[in-house]
Amino acid sequence: MCMRRVRIIPVLLLKGGALYKSVRFKNHKYVGDPINAVKIFNEKEVDEIIVLDIDATVQKRPPNIKQIEEITSEAFMPVAYGGGITSIEQVRNILSAGVEKVIFNYSIFYNPKLVQETVQYFGSSTVVAAIDVK
């Protein structure tokens, strides 16, 4: 029998640039600075980190490239990012900031052309589809 290797992939929820946790997408509680969390996960040698800006799309705000660069420059593991992505240029900037995968949620349903365009230019291994389930 083949034993599968368990992969540890924490999800960091950003809201207003700070790190939050939630229960079933509600009751957001501030838990600290995302850079400190990345440092902890570096020590724990996690396999990958997912960073989701949970209010970017709602606020119609673009991804914070400066913060993304800060996170990726600190991370010793691959980083996936999602939140507020509305254009192929933003995808290009996010990938240039050191992110390995972009995560689409809203765009899967409301802008599938952006998802297709991202796959066409950057490859399917760069795209993650996320669906929120309550």
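Rules used throughout
- Residues numbered from 1 in each chain as written.
- Predicted model: local features only at pLDDT ≥ 70, side-chain atom pairs only at ≥ 80, totals over all residues.
- Heavy atoms only, no water.
- Pairing = 2+ DSSP bridges.
- Helix = DSSP H or I, 4+ residues; strand = E, 2+ residues; numbered from the N terminus.
- Axes fitted to C-alpha atoms, helices over the stretch in contact; angles between N-to-C directions.
- Contact = heavy atoms within 4.5 Å.
- Phe/Tyr/Trp six-rings, centres within 6.5 Å; stacked < 30°, edge-to-face > 60°.
- Buried < 20%, exposed > 50% of the residue type's maximum accessible area, 1.4 Å probe, protein only.
- Salt bridge = Lys/Arg side-chain N within 4 Å of Asp/Glu carboxyl O.
- Right-handed = clockwise from strand over helix to strand, strands pointing away.
- Parallel < 35°, antiparallel > 145°, perpendicular 65-115°, else oblique.
- Left-handed = near helix turned anticlockwise from the far one by under 90°.

A. Inspection of the sheet that holds strand β4 (residues 49-53) at higher detail. As summarised here, the arrangement of the seven strands in space is β3-β2-β1-β4-β5-β6-β7, forming an open sheet in which the pairing is mixed. One side of each edge strand has no neighbouring strand; the edge strands of this open sheet are β3 (26-32) and β7 (127-129). Neighbour-to-neighbour, the strand axes of the sheet open up by a mean angle of 35°, direction not taken into account. Direction of pairing for strand β1 (residues 11-15) relative to β4: parallel, over a ladder of four bridges. By the bridge assignment for β4, Leu13 is matched with Leu52. Helix-sheet contacts for helix α1 (residues 34-44) involve β1, β2 (18-23), β3 and β4, and the interaxial angle to β1 is about 170°.

B. Quick look at the packing of aromatic side chains. Evaluation of the coordinates by the stated rule reveals two aromatic pairs. On the numbers, 5.8 Å between centres and 75° between planes, the contact of Tyr20 with Tyr30 is edge-to-face. Here Tyr20, found in strand β2, pairs with Tyr30, found in strand β3; they are 10 residues apart in sequence, far enough to count as distant. Of the residues examined, Tyr20 reaches a relative accessible area of 22% and is grouped as partly exposed.

C. Highlighting the pattern of salt bridges. Taken as a whole and assessed by the stated rule, the structure comprises seven salt bridges. The salt bridge partner of Asp55 is Arg61, with a shortest N-O separation of 2.7 Å. Each of Arg7, Glu48 and Lys101 takes part in one network of salt bridges that share partners.

D. Spotlight on the pairing of strand β6 (residues 101-104). In terms of strand pairing, strand β5 (residues 79-82) meets β6 through three bridges, oriented parallel. Within the sheet, the bridge partner assigned to Tyr81 lies in β6 and is Val102. In this view, the connection linking β5 to its parallel neighbour β6 by way of helix α3 (residues 88-96) has right-handed handedness. In terms of strand pairing, β6 meets β7 through three bridges, oriented parallel. Residue pairing in the sheet places Phe104 in a bridge with Ala129 of β7.

E. A look at the packing of α3 against helix α5 (residues 112-122). Where α3 contacts α5, the two axes come as close as 10 Å, and the packing angle between them is 45°. If you check the angle between α3 and α5, you find them oblique. For the crossing formed where α3 meets α5, the hand is right-handed. On α5, the residues that touch Ile88, Val91, Arg92 and Leu95 of α3 are Leu114, Glu117, Thr118, Tyr121 and Phe122.

F. View of the side chain of Thr118. By the element assignment, Thr118 lies in helix α5. When its relative accessible area of 0% is taken as the criterion, Thr118 is described as buried. Setting aside anything within four residues of it in sequence, one finds Thr118 in contact with Ile88, Val91, Val102, Phe104, Gly123 and Val127.

G. How the structure looks around unusual backbone geometry. Here Asn27, not a glycine, exhibits a phi torsion of approximately 55°, which is positive. Looking at the secondary structure, you find Asn27 in strand β3. Relative accessible area serves as the criterion here: at 58%, Asn27 is assigned to the exposed category. Phi at Glu45 is positive, roughly 55°, even though this residue is not glycine. By secondary structure assignment, the location of Glu45 is in the loop between α1 and β4.

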